[in-house]
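Here are the chains, one letter per residue:
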Amino acid sequence: PIPRMYFPHIPKNISEFKSRIKKDVFLSIILPIALRGNELVLQERKLMKVAFLSNNIYQIENLAKKYKVKDFKKINFSDLTTSDLNRIKEELLTKINKIPISMILAQSIIESGWGSSRFAQEGNALFGEWTWKTNLGIKPKGNLDANFAVKNFKNLLESLNSYILNLNSHPAYSDMRKFRALKYQMGKKITGYETANFLNKYAEIGFEYVIKIEDMIKSNRLYRYQNIKLEDH
């Protein structure tokens with residue numbers, strides 16, 4: 001088990017470190033945060049199951065909104081039928097789940113340049129998430145007229161949680177979630193290498209991006225962190 005040490009920011013001088021040290025420092029900062037993000041989403045999964053058992057409509061509505069349940073705005077939560085409840089539950093079970101650690105690490109490396117990118121340094125943005133509310137992000141240099149910005153965050157865990165929610169709720173990753181649900185039903189381990197196949201919509205380069213993630217997992221042997229855990233509280 002690894003200690004529950006959550007660094008809020010990447011060191012400002014990380015790009016001055018020798019390559020090997022830079023990689024070790026970056027991974028030792030991101031790993032506990034990635035594990036914590038998955039722990040939080042699994043806690044939310046438990047809460048969701050309890051909400052359906054106890055018929056807690058307020059909680060169900062909140063989760064349905066957060067995870068962008070299909071036709072959310074058309075659902076009448078004050079008068080849910082059994083089939084409505086079953087449909088919402090099925091969708092939330094598919095959506096609220098953890099992300100493979102090796103894939104989290106590979107994407108954070110690619111999107112933040114091992115923590116040395118301007119977005120990671122100035123805005124704790126590990127995953128290059130875009131926002132169209134340009135007052136909530138950092139404009140790309142050399143493209144100050146862009147109608148988007150890269151989302152910034154108070155700390156690294158906030159960035160990680162936002163990334164997990166994005167993969168768990170955005171329509172672009174519905175195939176990834178179906179694949180994950182199928183693997184869980186079959187009781188099989190889910191690897192980052194396989195799951196990366198469904199991230200062709202994450203970046204403008206499409207399937208090239210999938211290959212980048214898979215190469216990153218292989219070349220840095222990120223699969224060795226697949227079963228690592230945080231120490232008990």
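Up top is the structure.
As the structure is a prediction and not an experimental result, all values here were calculated from the model. (Residues numbered from 1 in each chain as written. Predicted model: local features only at pLDDT ≥ 70, side-chain atom pairs only at ≥ 80, totals over all residues. Heavy atoms only, no water.)

> Explain the overall build of the protein chain to me, and be specific about the residues and the numbers.
Along its length, the protein chain carries nine helices and three strands. Traced from its N-terminal end to its C-terminal end, the protein chain shows the element sequence α-α-α-α-α-β-β-β-α-α-α-α. Over its C-alpha trace the protein chain gives a radius of gyration of 18 Å, about what one expects of a compact globule, namely 17 Å for 233 residues. Here the protein chain holds 233 residues, and 46% of them are scored as buried. Put simply, 63% of the contacts in the protein chain that link residues at least 6 apart link residues at least 24 apart. With the model as given, the accessible surface of the protein chain reaches about 12,900 Å², and the carbon-plus-sulfur share is 54%. Placing the 38 positive and 23 negative side-chain charges of the protein chain at their respective mean positions leaves the two points 2 Å apart. (Helix = DSSP H or I, 4+ residues; strand = E, 2+ residues; numbered from the N terminus. Rg over C-alpha atoms; globule rule 2.2 N^0.38 Å. Buried < 20%, exposed > 50% of the residue type's maximum accessible area, 1.4 Å probe, protein only. Contact = heavy atoms within 4.5 Å. Areas by Shrake-Rupley, 256 points an atom, 1.4 Å probe, with all protein chains shown as cover. Lys, Arg positive; Asp, Glu negative; His and termini not counted. Charge placed at Lys NZ, Arg CZ, Asp CG, Glu CD.)

> With reference to specific residues and values, describe the pattern of salt bridges.
For the structure shown, the criterion picks out 11 salt bridges. Between Arg-4 and Glu-39 there is a salt bridge, with its nearest N and O atoms 2.8 Å apart. Residue Arg-4 is located in the segment before helix 1 (19-53), and its partner Glu-39 is located in helix 1; the two are separated by 35 residues in the primary sequence. Across the pair Glu-39 and Arg-36 runs a salt bridge whose closest N-O atoms are separated by 2.5 Å. Of the two residues, Glu-39 and Arg-36 both sit in helix 1, three residues apart, roughly one turn of that helix. Look at Arg-36 and you get buried, because its relative accessible area is 17%. (Salt bridge = Lys/Arg side-chain N within 4 Å of Asp/Glu carboxyl O.)

> Can you lay out the sheet that holds strand 3 (residues 149-151) for me, pointing to particular residues and giving the numbers?
Taking strand neighbours across the sheet as the criterion, the three strands line up as 1-3-2 in an open arrangement whose pairing is antiparallel. Each edge of the open sheet carries a strand with a single partner, namely strand 1 (130-131) and strand 2 (137-138). Relative to strand 3, strand 2 is paired through two bridges, and the arrangement is antiparallel. Paired with Ile-138 across the two strands is Val-150, which belongs to strand 3. (Pairing = 2+ DSSP bridges.)

> So what about helix 2 (residues 57-66)? Which residues, and what values?
Restricting attention to buried positions, one finds in helix 2 the residues Ile-60, Leu-63 and Ala-64. Projected onto a plane normal to the axis of helix 2, the buried residues spread over an arc of 100 degrees and lie on a single side. Opposite the packed face of helix 2, turned more than 90 degrees from it, sit the exposed residues Tyr-58 and Lys-65. Where helix 2 is buried, its residues touch helix 1 and helix 3 (82-95). Note on helix 2: the residue one or two positions beyond its end, Lys-68, has a positive phi of about 50 degrees. (Arc of directions from axis to C-beta.)

> Tell me about the side chain of Lys-95, and name the residues and values.
With respect to the secondary-structure elements, Lys-95 resides in helix 3. Exposure remark for Lys-95: the relative accessible area of 6% places this residue in the buried category. In this structure the side chain of Lys-95 is engaged in a polar contact, spanning 2.8 Å, whose partner is the backbone oxygen of Tyr-67. Polar side-chain contacts of Lys-95 include one of 2.9 Å to the backbone oxygen of Lys-68. Leaving out residues up to four positions away in the same chain, Lys-95 has contacts with Tyr-67, Lys-68, Val-69, Asn-168, Ser-169, Arg-177 and Arg-180. (Polar contact = N/O pair within 3.5 Å; in protein donor to acceptor, adjacent residues only side chain to side chain.)

> Kindly report on the packing of helix 4 (residues 101-112) against helix 6 (residues 156-169), identifying the contributing residues and their values.
Axis separation between helix 4 and helix 6 bottoms out at 12 Å; the angle between their running directions is 115 degrees. Judged by the angle between their axes, helix 4 and helix 6 are roughly perpendicular. Read as a crossing pair, helix 4 and helix 6 show a hand that is right-handed. On helix 6, the residues that touch Met-103, Ile-104 and Gln-107 of helix 4 are Leu-160, Tyr-163 and Leu-167. Looking at the contact of helix 4 with helix 6 residue by residue, the class counts come to five nonpolar, one polar and no charged. (Axes fitted to C-alpha atoms, helices over the stretch in contact; angles between N-to-C directions. Parallel < 35°, antiparallel > 145°, perpendicular 65-115°, else oblique. Left-handed = near helix turned anticlockwise from the far one by under 90°. Nonpolar A, V, L, I, M, F, W, Y, C, P; charged D, E, K, R; others polar.)

> A description of helix 4 should follow, citing residues and the corresponding values.
Compared with the 16 Å implied by 1.5 Å per residue over 12 residues, the 16 Å span of helix 4 between its first and last C-alpha is a close match. When we look at burial in helix 4, the residues that qualify are Ile-101, Ser-102, Met-103, Ile-104, Leu-105, Ala-106, Gln-107, Ser-108, Ile-109, Ile-110 and Ser-112. Lining the buried residues of helix 4 we find helix 1, helix 5 (118-123), helix 6, helix 7 (174-185), helix 8 (192-195) and helix 9 (207-219). Count one or two residues on from helix 4 and you reach Gly-113, which has phi positive near 55 degrees. (Expected span 1.5 Å × (residues − 1).)

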